[in-house]
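# Coordinate inspection notes
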Amino acid sequence: MAQITDPKIAFAYLRPACVLLTREPTVPNVETLGAQLRDVDDATLQQLQEYVLFPLRFVLKVPGPKREGLVQAVTEAMSHVLENTCVRSWEVLRDLLSELCLCLCSPTDPGKPAATSEELKSSVLKCLDALLHAAYGDIVFKLFEPSMLPGLGAAISLLLALGEQEKSRGIQAAALKCLQALTLQCDCTQDHVVPAAQEQRVLGNTMASFLPGITMALSRIITGDLRQGHAVTVRAIKVWSRTVGLVMEDSQLQACAPGQSPSPDLGRIGKLVVQRTADWAKGTSGRLAALLQKIVSCTSAHQHWRVRLEMVELAERLLAGCSQSLGECVGPLLEALVGAVNDEEPRVRERCEVVLREVSERSQRPSGGSNKTGSSSQTFTDVLSENLHALATSLPRLMRTSDDQKKLFVLNVFLGYLKLLGPLVTVVLNSAAHLERISKALMQVLELDVMDVRIVEERSYAAAIETSSGPGSPDPQAPHTQRKHFLFFTDEKVFSALMEICRTLGYYGNIYLLTDHFLDLYRESSAYRKQAAMVLNELVRGAAGIGVATGGRGLEGEGRGRRAPPARDDLKAAAVSVIEEYTSLNNWHLVTVSEETERDRQDQQLLSPSRLLSISSSDVNITNANPLQMIPSSFTSPSSSSSSSSSASTIHQLNSNIWQLCIQLEGMACFAQALGRDFRPLLMTSLYPILEKAGDETLLVSQAALGSMWGISEACGYASLKELINDNSDYLLNDVSLNLQRLSLHPQAPRVLTVMLAHSDPSLLPLVGDIVQDVLLALDLSYDHTAALFCSVLHALMKALARWFPPSPGKSGESAGPRKSSTDQEVFNIRQFLLDYRKQKELAEGIGVEDDDTDDPVLPPPTECDEDVDGPDVKAELPPHLRITKDVMERCIHLLSDPSLSLRLKVLDVLEVCVCVLSERENELLPMAHRCWPALLQRLTADDPLAVLRAFRVLCTLGESCGDFLRSRVSKEVLPKLSSSLARQAPVSARAGPVYTHTLAYKLQLAVLQGLGSLCLRLDLAEADLDAVCEACLPYLSCRQPIKLQEACLSVFRHLIRADPDALWFALSELHCPSPCAPPPHPDLRPVRLSGTGRPRDERSDNVLKLLREEFGGANDERANELNWTSDTEKAKKI
């Protein structure tokens, strides 16, 4: 239906419904009128506005209580009229405003909202918003005349009460939007009245009367429950900022005529009028500053980015228009801005950068002749400096009492001040008070939590030291980074913010001043040492411009974010001074273990005054040119005092020392990153101490050292740790050689050599050969004191040789090759066997003897052979790595019987690797295997279970390399005891619970079962030995055994099946035969019945069936039928 455009027709169309509604104010009548109103176009409805509003307003004016549905229907109809027309009458605007407010307030208490439905409140607020947007400009300003103060105040109070007390988010937001529209500050997409300067002053004068109530109520809403949602908070901040910006605008306060008194015609209303004098502005600024501080503290770290963005807009609006009148608010406003400089949301961060740049430009702009200006530019920098000092003062307290979000905001504010000051940070830090306050704040905030006992307990092993140095990992340093735990915060973002603060200080500050100051703190107290080291590390990185976000936001302008960076020599000098302090004796050789470990005991035996050893292969002046000398000493070694203090050290002290070393090691990498390739000359003094810590017994320290080595490699242009060590191996090995001669002063030298071997290549072998010989000679002359100290070095050496010279694939697969194709070889060998058998039979019968004799070649006379030989056979010289391996293995044979269990375990580890290295030279390995067999047998049969476990691993390695050479020895001396041990322990493991898997007996069972099968197959044991192994392993097929033992047992049987499939098939079928044997093909053949046929399932049936199906498959039935088709004699021979 087309809308009515003729006013007369529209009047006639609407009149009956208007009259009926006036007579009968019911919901259907209101709905009828509302439907008809939608049939009239806007221009026609504008002419009939007051006529159609009369019956609707009449319904609201009827005395007495009204049904909510009726009021809601009326306000919805009025909303349609007001949204599509303009209010041109002041009386209509005033009366409608009053009537709508009466619909919202309580009849008994007009100052409070009525307890009506949310739908009604929402409808009334929508109608009120439409009314305020429909009012013409010439009449809307009459709302702000002094005579309207009571009515306007009632409306504002009602809207504030709805915004603060209502539970519905929608009603809260709608009430605040109406309040914003009522003050002519609405920001919606509709057209709005734009007041002129004079009208703006009138509006400001009127709203000044309501400023305290509006700001306090809105502050309560802003800092209220987070469950109200971000939309309500954003709207409240917007109304607060626009209202304050309207009332406290600098241009209005300057233009206000002083001494104007309200008109006497106003009567009591005149008391409500506020005169915006200078004293009033000063007092109001102080009260607003308190409210603003509360708002900033609650919202700047808000979870939703729109709230944080609105706070940036609030600061921009007030700093741009009210910076003079709100002098006391400049600090909180700048705090809100600088807190958003590092916001995680890009939109907030970008807007904040723009606002800060504008603020900085305004602060430097001439003030235009006003005598009051100078304060802007001068106070802006001063305020930043004062705020920075105040924040540094309160930072420790805030970090102790606030939650992580608040802590992060406070640190972002701190960082924002530094970035905003930019190059002026140097000027600020020249103040001793500022520097002292900032440094002490950082020392207190960065205090570590060092009470975790796991830090002390974790130990490093060779596997941890030997990390992959290849390019497989994109970030090789990541695995060695340990997360720090702090006393006052847990969020990693807080730590990142603190580190960025330190880098920013180094970027803008004087590097000499800062390093000297924090080195003084480092030396001043052990309580500050770890924090000062962290700060120093980041200061140097920041001075090099690493990890500093720069965007030209400082007060120097966008183009000059930093003054001239420090010269390369200055940066290097600062780094050298810090490195020297880190690596000094008191700060580098710290106690990190709480109990005397085996390594420590050996070190103390070695370093005791009566046994101070010197390894010297070059000093010919020593008595009898003996490379190893016993040198008396009258002084006490520092290690002894360290050991005595170690026993009394608390967990707190030990953890503190560990973390101090880790932070100092991280600092080495930071300095290398800052200097780049210029750090290479410093490697001569810094790399050796880092290698010492890379071999440290404490896991955290060794990981930090390896991480530092990775960082140095990357910074100095080395592709890997191998390249780093090889390129500097000459002076490193020189230091190792010299320090090995003075082990009393340098007990860490063997660990340095261990780390070098773990991360190098064969090119190091010629350089390290002399040192290895010195170590071996030391073992010969004083093995009871030096064995444990050097065993780790020998183990690292052997592992390095095994890595550098792996056995050729042909040799390792030579013995396994024939086994893999045993079935194919069997078919081929049958023919060859028959041919050989025929030839032997003919020879036995005398057939073809003459022909065979004539075919024999004539041997040359012995004299001819002797004449061709120049001399006796000379054994070829062994390669250096094999010669070293033989020497090491010789020492291992002697040390296998040492009383110390830990030493025996280390020697077995070394021996295992020696066998792997020598496996490529069988003629060298077999004699050594023969020599070590008696001692190894003792470890296998009469030693601690730990040693048995390790010795069995060595036996498996020997079996893989020596093969048939060990067959009889293993068969007679080892296999019976292993079999009896397995059989004896099987019932125990079958009855044990889940805790049994953590026992040493279980681990020994598992290791034997995992290695026994391959050992039997490699040694090609006889049938009797295989039967013994089979009998010992059968109990482990039980489903009652632990799962891993069952899996290991299945592995044994799979290897045994490869060695003798028929016998194993028969043995398994005797336990459980899945299908009966077929009848014999001839009546002379006896039927065969296996004892496993028809036997009910038992605890071993599942694993037996699994083996039969996996290893024999469909051939299982054929193999059973073969037994029926074979005579008893042939069957016996076959089995």
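Residues numbered from 1 in each chain as written. Predicted model: local features only at pLDDT ≥ 70, side-chain atom pairs only at ≥ 80, totals over all residues. Heavy atoms only, no water.

### With respect to the packing of aromatic side chains
- Enumeration over the complete set of coordinates arrives at 8 aromatic pairs.
- Centre to centre, the rings of F11 and Y51 are 4.8 Å apart; their planes meet at 55°, and the pair counts as tilted. Note that F11 is positioned in helix α1 (residues 7–23) and Y51 in helix α4 (residues 49–61), a separation of 40 residues in sequence.
- Its relative accessible area of 33% is what places F11 among the partly exposed residues.
- Residue classification places Y51 among the partly exposed residues on the basis of a relative accessible area of 29%.
- Taking the centre distance of 6.0 Å and the plane angle of 75° together, the rings of Y996 and Y1002 count as edge-to-face. Take Y996 and Y1002: they sit in the same class, and that class is buried.
- Among the aromatic residues, those joined into a ring-pair cluster are F486, F489 and F495.
- The side chain of R347 reaches across the aromatic face of W305, ending 4.0 Å from its centre. (Phe/Tyr/Trp six-rings, centres within 6.5 Å; stacked < 30°, edge-to-face > 60°. Helix = DSSP H or I, 4+ residues; strand = E, 2+ residues; numbered from the N terminus. Buried < 20%, exposed > 50% of the residue type's maximum accessible area, 1.4 Å probe, protein only. Lys NZ or Arg CZ within 6 Å of the ring centre and 35° of its normal.)

### Here's the deal with the pattern of salt bridges
- Here the structure, examined in full by the defined rule, presents 36 salt bridges.
- Note that R227 is salt-bridged to D225, the shortest N-O span being 2.6 Å.
- Residue D225 is classed as partly exposed on the basis of its relative accessible area of 38%.
- Taken together, the shared-partner salt bridges in this structure form one network comprising R57, K61, R94, D95 and E99. (Salt bridge = Lys/Arg side-chain N within 4 Å of Asp/Glu carboxyl O.)

### Digging into the nonpolar core
- Ranked by size, the top nonpolar core spans 338 residues in total, and within it L143, W240, M248, L442, L505, F679 and F1053 carry the most contacts.
- With 20 residues, helix α38 (residues 765–804) is the single largest residue contributor to this core.
- Not counting chain neighbours up to four residues away, the residues in contact with L442 comprise L498, I501, C502, L505, F518 and V535. (Core = buried A, V, L, I, M, F, W, Y, C linked by side-chain atoms within 4.5 Å. Contact = heavy atoms within 4.5 Å.)

### Notes on the packing of helix α50 (residues 1023–1033) against helix α51 (residues 1043–1059)
- At a closest axis distance of 11 Å, the pairing of α50 and α51 adopts a crossing angle of 155°. Overall, the two elements α50 and α51 adopt an arrangement that is roughly antiparallel. By crossing handedness, the relation of α50 to α51 is classed as left-handed. Between α50 and α51, the residues in contact are L1026, V1029, C1030 and C1033 and C1049, V1052, F1053, L1056 and A1059, respectively.
- Among the residues making up the contact of α50 with α51, the classes are represented as 9 nonpolar, no polar and no charged. (Axes fitted to C-alpha atoms, helices over the stretch in contact; angles between N-to-C directions. Parallel < 35°, antiparallel > 145°, perpendicular 65-115°, else oblique. Left-handed = near helix turned anticlockwise from the far one by under 90°. Nonpolar A, V, L, I, M, F, W, Y, C, P; charged D, E, K, R; others polar.)

### A few points about unusual backbone geometry
- At L184, a residue that is not glycine, the phi angle is positive and equals roughly 60°.
- Relative to the helices and strands, L184 resides in the loop between α10 (169–182) and α11 (197–208).
- Exposure remark for L184: the relative accessible area of 19% places this residue in the buried category.
- In this structure, D1020 is a non-glycine residue whose phi angle is positive, near 55°.
- Among the structural elements, D1020 can be located in the loop between α49 (1000–1019) and α50.
- Take D1020: its relative accessible area is 39%, and that puts it in the partly exposed class.

### Some thoughts on the environment of L740
- Inspection of the secondary structure assignment puts L740 in helix α36 (residues 729–740).
- Accessibility expressed as a relative area gives 3% for L740, which makes it buried.
- Between the C-alpha atoms of L740 and P750, which are 10 residues apart in sequence, the distance is 7.5 Å.

### Topic: the packing of helix α45 (residues 901–918) against helix α46 (residues 922–941)
- α46 packs onto α45 with a crossing angle of 160° between their chain directions and a minimal axis gap of 11 Å. With respect to α46, the axis of α45 lies roughly antiparallel. Judged by the sense of rotation from one axis to the other, the crossing of α45 with α46 is left-handed. Seen from α45, the contacting residues are R904, L908, V915 and L918; seen from α46, they are E922, E924, L925, M928, L936 and R939.
- A breakdown of the residues in the contact of α45 with α46 according to their chemical character gives 6 nonpolar, no polar and 4 charged.

### Here we look at a nonpolar patch on the surface
- On the surface, I830, F833, L834 and Y837 cluster together to form a nonpolar patch covering roughly 460 Å² of accessible area.
- Locating F833 in the fold gives a position in helix α41 (residues 822–844). (Patch = residues over 30% accessible without salt bridge, like charges linked within 9 Å, V, L, I, M, F, W, Y side chains within 5 Å. Areas by Shrake-Rupley, 256 points an atom, 1.4 Å probe, with all protein chains shown as cover.)

### Some points on the side chain of E316
- Tracing the backbone through its elements, the reader meets E316 in helix α16 (residues 305–321).
- Classification of E316 as buried rests on a relative accessible area of 17%.
- Every residue in contact with E316, bar those within four places of it in the chain, is listed here: R351, V355 and E358.

### With respect to the confidence of the model for the protein chain
- For the protein chain, the average pLDDT comes to 79, and 80% of its residues sit at 70 or higher.
- At the low end of the mean pLDDT range in the protein chain sits strand β2 (residues 628–630), at 31; at the high end sits helix α26 (residues 511–524), at 94.
- Throughout residues 467–480 the model reports pLDDT below 50, and contacts reaching past four residues in sequence, or to other chains, amount to 18 contacts. (pLDDT = per-residue confidence, 0-100.)

### Observations regarding α11
- Its 12 residues place the ends of α11 16 Å apart at the C-alpha level, agreeing with the 16 Å of an ideal helix rising 1.5 Å per residue.
- Within α11, burial applies to Q200, L203, G204, T206, M207 and A208. (Expected span 1.5 Å × (residues − 1).)

### Focus on α26
- For α26, with 14 residues, the first-to-last C-alpha span of 19 Å sits near the 20 Å given by 1.5 Å per residue.
- Buried within α26 we find I511, L514, T515, H517, F518, L519, L521 and Y522.
- The N-capping residue of α26, defined by a side-chain oxygen 3.0 Å from the backbone nitrogen of Y512, is N510. (Polar contact = N/O pair within 3.5 Å; in protein donor to acceptor, adjacent residues only side chain to side chain.)

### Observations regarding the environment of P346
- Looking at the secondary structure, you find P346 in helix α18 (residues 346–364).
- Put simply, P346 and W305 are 41 residues apart on the chain and 9.5 Å apart in space, counted from C-alpha to C-alpha.

### A look at the state of the cysteines
- Enumeration over the complete set of coordinates arrives at 0 disulfides.
- No disulfide involves C186; its sulfur sits 3.4 Å from that of C188, the nearest cysteine.
- By relative accessible area, C186 is classed as buried at 13%. (Disulfide = S-S within 2.5 Å.)

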